[in-house]
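Close look at the chain arrangement
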Amino acid sequence: ARLEGIASAARAVGASSPALLVVGRAAEDRIGEGHRPTILFTGLDPTNFRALGRILHWPALVVEPDPAGLARAPGVVAGLRAGRFQDVIFTSRVGVVSLMAAIEGACADARALAGARIIAAGGGTALRLRDYGLRADATGQPGGSEGILAAVGAMKGRRILLVQGTHAPRDLESRLLQEGAEVVRLALHRVVPNPALGRPLPGHDVVFFLSPSGVRAFSAAYGEGAFAREAWCIGQATRRTLDAAGVAGARIVEAPGQAAQEGG
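These lines cover the structure that appears in this document, whether it is placed above or below. (Residues numbered from 1 in each chain as written. Predicted model: local features only at pLDDT ≥ 70, side-chain atom pairs only at ≥ 80, totals over all residues. Heavy atoms only, no water.)

Remarks on the sheet that holds strand β11 (residues 251–252)
Spatially, the five strands line up as an open sheet ordered β2-β1-β9-β10-β11, and their pairing is parallel. Strands at the two margins of the open sheet, each flanked by one partner only, are β2 (54–57) and β11. Alignment of strand β10 (residues 230–233) against β11, held across two bridges, turns out to be parallel. Counted as the bridge partner of C233 is I252 from β11. In this fold helix α9 (residues 235–244) packs onto β9 (206–209), β10 and β11, with an angle of close to 150° to the strand it touches most, β10. (Pairing = 2+ DSSP bridges. Helix = DSSP H or I, 4+ residues; strand = E, 2+ residues; numbered from the N terminus. Contact = heavy atoms within 4.5 Å. Axes fitted to C-alpha atoms, helices over the stretch in contact; angles between N-to-C directions.)

What about helix α4 (residues 93–105)?
With 13 residues, α4 ought to run about 18 Å at 1.5 Å a step, and its terminal C-alpha atoms sit 18 Å apart, in line with that. Those residues of α4 lying buried are R93, G95, V96, S98, L99, M100, A102 and I103. The secondary structure elements touched by the buried residues of α4 are α3 (67–81), β4 (87–90), α5 (123–130), β7 (159–165) and β8 (182–193). Its side-chain oxygen at 3.4 Å from the backbone nitrogen of V94, S92 defines the N-terminal cap of α4. C107, located one to two residues past α4, shows a positive phi value of around 60°. (Expected span 1.5 Å × (residues − 1). Buried < 20%, exposed > 50% of the residue type's maximum accessible area, 1.4 Å probe, protein only. Polar contact = N/O pair within 3.5 Å; in protein donor to acceptor, adjacent residues only side chain to side chain.)

Some points on the environment of T38
Note that T38 resides in strand β1 (residues 38–41). Classification of T38 as buried rests on a relative accessible area of 8%. Along the chain, T38 and L161 lie 123 residues apart, while their C-alpha atoms are 40 Å from each other. Looking at T38, its side chain comes within polar contact range of the side chain of R54, at 3.5 Å.

A word on the side chain of Q164
Tracing the chain through its elements places Q164 in strand β7. By relative accessible area, Q164 is classed as buried at 4%. In terms of polar contacts, Q164 uses its side chain to reach the side chain of R185, at 2.8 Å.

Structural notes on the packing of helix α8 (residues 212–222) against α9
Packing of α8 against α9 leaves a shortest axis separation of 8 Å and a crossing angle of 25°. In terms of their interaxial angle, α8 and α9 are classed as roughly parallel. Note on element contacts: α9 touches α8 through A237, T238, T241 and L242, opposite P212, V215 and R216. Class assignment for the residues of the contact of α8 with α9 results in four nonpolar, two polar and one charged. (Parallel < 35°, antiparallel > 145°, perpendicular 65-115°, else oblique. Nonpolar A, V, L, I, M, F, W, Y, C, P; charged D, E, K, R; others polar.)

Focus on the environment of A19
Within the fold, A19 resides in the loop between α1 (6–12) and α2 (25–28). Under the relative-accessibility criterion, A19 is labelled exposed at 66%. Through-space distance from the C-alpha of A19 to that of L186 is 37 Å; in sequence the pair is 167 residues apart.

Structural notes on α9
Inspection of α9 places T238, T241 and L242 among the buried residues, and these make up the whole buried set. Across the axial projection of α9, the buried residues extend over an arc of 100°, all falling on one side. In α9, the exposed residues that point more than 90 degrees away from the buried face are R240 and A244. Remark: G246 follows α9 within two positions and exhibits a positive phi of approximately 90°. (Arc of directions from axis to C-beta.)

Brief notes about the sheet that holds strand β6 (residues 138–139)
Reading across from one edge, β3-β8-β7-β4-β5-β6 is the order of the six strands in this open sheet, with mixed pairing throughout. Edge positions in the sheet fall to β3 (61–65) and β6, since each of these pairs with one other strand and no more. Pairing of β3 with β8, which is carried by five bridges, proceeds in the antiparallel orientation. Each residue of the ladder has a partner; that of V62, found in β8, is V192.

In structure tokens form, the structure reads like this:
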């Protein structure tokens, strides 16, 4: 925008601190981004997707603790410390943060995971483990259930702790059970519609969905206006939800280092 209209332009896209103001010819040239689409990103974390275009972060969901999962956490942490689990599977970065908080709440630390094989859904989840001094023994490639199953390998008789959100599909748990594993699923967080949804949408070329629940939240807030532009998505489950909403032909985008079910 021109300087005379920058305040209203910032309000229109919901800009807030921290932000970067670019002034002069670099701004006029849009830093070489004139050919790149403006993407309304509805997921939780756009970090891995900024190379796709000009990102406007407009999250459809927010993460909050799940009371039922938190009530179960002390018993599960006690099982970890006693060596009950041979594998711990993290399907998202949020799951890493949630379990490590539960471990700390039980007056323990990362040593609670000693002896267990740690499996991360993707590169982003593996990096978040490093923040706690933990290195994933295996990382799903590609991200999502199939990558995790390949990383687990033979699983008959193995005792597995599966850390997910309450909203995550049960497909992975079902596959693990079918292959003969003993599975404890611990859901310490859930996603709910962002209470900020409903404010006017900024101008964009593409709306990008990362989960079925994000599609549903956006549709509830904006109706048909949610899908006035081209739609991109992560995974077949999200695409099926878009199909059910009447959005045909959504482009599926690979998730670099991220689980197929965001926040899962």
